[in-house]
Amino acid sequence: MKTKVRKIGNSFGIIIGRKILDQVAVDKEVSLTVEDSKIIIEAVKSNNPREHWEEMLLKANSLEDQELLEDFENEFDKSEWTW
């Protein structure tokens with residue numbers, strides 16, 4: 001979809017068609033970010049910042065300690081640390 005950037009007061013805006021908004025389940029609020037010169041518009045799903053924490057913690061608890069720490073190995077661990 002191609003659209004024009006319009007002046008709205010001291011800001012600018014775009015019109016996004018209903019079909020596109022329905023595809024991403026946008027209700028009243030979106031999140032805007034910029035990545036690699038692209039504007040990313042994402043639907044905000046909840047006003048609760050802790051939503052899904054319980055699921056993530058349960059998943060993390062099911063992982064082995066080795067899985068969580070495998071990316072933290074360094075030269076000090078290999079050569080200088082003694083157990």
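Residues numbered from 1 in each chain as written. Predicted model: local features only at pLDDT ≥ 70, side-chain atom pairs only at ≥ 80, totals over all residues. Heavy atoms only, no water.

Some details on the overall build of the protein chain
Looking only at helices and strands, the protein chain has four helices and four strands in total. Ordering the α and β elements of the protein chain from the N terminus gives β-β-α-β-β-α-α-α. Within the protein chain, the fraction of its 83 residues that count as buried is 5%. Looking at the protein chain alone, contacts between residues at least 24 apart form 5% of all its contacts between residues at least 6 apart. (Helix = DSSP H or I, 4+ residues; strand = E, 2+ residues; numbered from the N terminus. Buried < 20%, exposed > 50% of the residue type's maximum accessible area, 1.4 Å probe, protein only. Contact = heavy atoms within 4.5 Å.)

Here we look at the pairing of strand 4 (residues 38-43)
Pairing of strand 3 (residues 30-35) with strand 4 involves six bridges; the strand directions are antiparallel. Paired with Glu35 across the bridge in strand 4 is Lys38. Connecting the antiparallel pair strand 3 and strand 4 is a turn made up of two residues, with Asp36 showing a positive phi of about 50 degrees. (Pairing = 2+ DSSP bridges.)

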